[in-house]
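Summary of structural features
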Amino acid sequence: MTELKGKIAIITGATAGIGRETAKLFAKEGCNLILTGRRENRLLELKEELEHGHGVSVSIHAFDISSRFACEEFVSSIPEEFREIGILVNNAGVGRGMDKLHEGSMDDWEEMIDTNVKGLLYITRLIAPGMVKRNIGHIINVGSIAGQEVYPGGNIYCASKYAVHAISQALRMELVDTSLRVTEIAPGMVETEFSVVRFHGDKERANNVYKGLDPLTGADIADLIIFAASRPAHVQINEVIVMPTAQATATIAHRKG
Ligand code: NAP
């Protein structure tokens, strides 16, 4: 086992869903955390909860990950005592819309590509050099089954998650002569704020995504992230594809009633 206690982990997109649950589990393991997202009030609440509940130190940074400038500012503002980062969880991401490509919103496309691809790239480019220099670190990218198979209406979201898959594979090849590890977690349906965001606040439409089946939870994915991070140093979990038991592919699910 790799001891997690005392390690420093960055989790992007920690204000909701998978990222928030991952922050809670890392704190329970005794990790000090750097947490990001745009909603500062949520970051403040989480910092308070984790510092008091687990006696760890939490540094919070509210910024838009799709802005290269904001990412650069974030990394240069990380406090000295948090700089030896051991784990980077690239989790922040967004789905927008389910329109056919020829009817799609270019604003939605830009948000998905700028957040899911460029945001992940900026943070990785800025954090990985320190890991390479210290020859220790673990980069965990939250991809999706949408990065393994395409579905109608998924077009640009799928393209962005195929990019996460490609980037994860390239990183693993390029870092093979270091002690760094690269893991991609590719979930199917997870009930978080994801679908509400995807359908621009339409809660009824979002609820229908999970209707009649038991979806995964943010905590289920956090569990896998912790599992990957805590393997012995010589064990690299390359990819985990995980779905609810009632889901077989991006388009096949069994719903009761
Ligand atoms: P969520 O509950 O909507 O959480 C998304 C997180 O990303 C939030 O903390 C959000 O923070 C952050 N984020 C989004 N855009 C951002 C931006 N421009 N700048 C900074 N932070 C941003 O969704 P989730 O399901 O936990 O999603 C987490 C990851 O899992 C995503 O990469 C998603 O693609 C992936 N995933 C989800 C599912 C699913 O079914 N839910 C399945 C497969 C993969 P703020 O809004 O505060 O900025």
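Relevant structure appears above.
Let me sum up the structure you'll find in this document. These numbers come from a predicted model, not from an experiment. (Residues numbered from 1 in each chain as written. Predicted model: local features only at pLDDT ≥ 70, side-chain atom pairs only at ≥ 80, totals over all residues. Heavy atoms only, no water.)

**Thoughts on the site of the ligand**
Around the ligand, the surrounding shell holds 28 residues, and the nearest of these are Thr15, Arg38, Asn91, Tyr157 and Thr192. One nitrogen or oxygen atom from the main chain of Gly93 is found 3.5 Å from an oxygen atom belonging to the ligand. Glu193 places a main-chain nitrogen or oxygen 3.1 Å from an oxygen atom of the ligand. In isolation the ligand exposes 880 Å². Once the protein is present, 95% of that is buried. Its residues placed into classes, the shell around the ligand shows 12 nonpolar, 11 polar and 5 charged. (Near = heavy atom within 4 Å. Polar contact = N/O pair within 3.5 Å; in protein donor to acceptor, adjacent residues only side chain to side chain. Areas by Shrake-Rupley, 256 points an atom, 1.4 Å probe, with all protein chains shown as cover. Nonpolar A, V, L, I, M, F, W, Y, C, P; charged D, E, K, R; others polar.)

**With respect to the sheet that holds strand β4 (residues 87-90)**
The 7 strands lie next to each other as β3-β2-β1-β4-β5-β6-β9, forming an open sheet whose pairing is parallel. The sheet is open, and its two borders are formed by β3 (58-62) and β9 (239-242), each paired with just one other strand. On average, each strand axis in the sheet is tilted by 15 degrees relative to the strand beside it, whichever way the strands run. Note: strand β5 (residues 138-142) against strand β6 (residues 181-187), 5 bridges, orientation parallel. Bridge pairing in β6 places Ile140 opposite Thr183. Helix-sheet contacts for helix α4 (residues 106-134) involve β1 (8-11), β4 and β5, and the interaxial angle to β4 is about 170 degrees. (Pairing = 2+ DSSP bridges. Helix = DSSP H or I, 4+ residues; strand = E, 2+ residues; numbered from the N terminus. Axes fitted to C-alpha atoms, helices over the stretch in contact; angles between N-to-C directions. Contact = heavy atoms within 4.5 Å.)

**A closer look at helix α5 (residues 155-174)**
Relative to the 28 Å expected for 20 residues at 1.5 Å per residue, α5 spans 28 Å between its end C-alpha atoms, a close match to the ideal helical length. As for α5, its buried residues are in contact with α4, β5, β6, α6 (194-198) and β9. (Expected span 1.5 Å × (residues − 1).)

**Observations regarding the packing of aromatic side chains**
In this description, an aromatic ring pair is defined by two values, namely the gap between the centres and the angle between the planes. The final tally for this structure, using the stated rule, is 2 aromatic pairs. Sitting over the ring of Tyr157, Arg198 keeps its end group 5.0 Å from the ring centre. Above the ring of Phe227, the side-chain terminus of Arg231 is found at 3.9 Å from the ring centroid. (Phe/Tyr/Trp six-rings, centres within 6.5 Å; stacked < 30°, edge-to-face > 60°. Lys NZ or Arg CZ within 6 Å of the ring centre and 35° of its normal.)

**Some words on the packing of helix α1 (residues 17-28) against helix α2 (residues 40-54)**
In the contact formed by α1 and α2, the axes pass within 10 Å of each other and the chain directions differ by 20 degrees. Taken together, the axes of α1 and α2 lie roughly parallel to each other. Here the hand of the crossing between α1 and α2 comes out right-handed. Across from Arg20, Ala23, Lys24, Ala27 and Lys28 in α1, the residues of α2 making contact are Arg42, Leu46, Glu49, Leu50 and His54. Along the lines of polarity and charge, the residues of the contact of α1 with α2 split into 4 nonpolar, 1 polar and 5 charged. (Parallel < 35°, antiparallel > 145°, perpendicular 65-115°, else oblique. Left-handed = near helix turned anticlockwise from the far one by under 90°.)

**Examining the packing of α1 against helix α8 (residues 218-229)**
Viewed as axis vectors pointing N to C, α1 and α8 meet at an angle of 50 degrees, and their least axial separation amounts to 8 Å. With respect to α8, the axis of α1 lies oblique. Between α1 and α8 the crossing geometry is right-handed. Contacts between α1 and α8 pair Gly17, Ile18, Glu21, Thr22, Leu25 and Phe26 from the former with Gly218, Ala219, Ile221, Ala222, Asp223, Ile225, Ile226 and Ala229 from the latter.

**Considerations on the nonpolar core**
Judged by nonpolar contacts, the single largest core of 31 residues is most densely connected at Phe26, Leu33, Leu35, Leu50 and Ile225. If you list the elements that add at least two residues to this core, you get β1, α1, β2 (32-37), α2, β4, β5, α8 and β9. Broken down by element, the residue count for this core peaks at 5 residues, all from α8. In this view, Leu35 contacts Ile11, Ala14, Ala23, Leu43, Leu46, Leu50, Val58, Ser59, Ile60 and His61; residues no more than four positions away in its chain are not counted. Among the nonpolar cores identified, the runner-up in size contains 27 residues, and Ile10, Phe63, Cys71 and Val182 belong to it. (Core = buried A, V, L, I, M, F, W, Y, C linked by side-chain atoms within 4.5 Å. Buried < 20%, exposed > 50% of the residue type's maximum accessible area, 1.4 Å probe, protein only.)

Just geometry here; none of it tells us what the structure is for.
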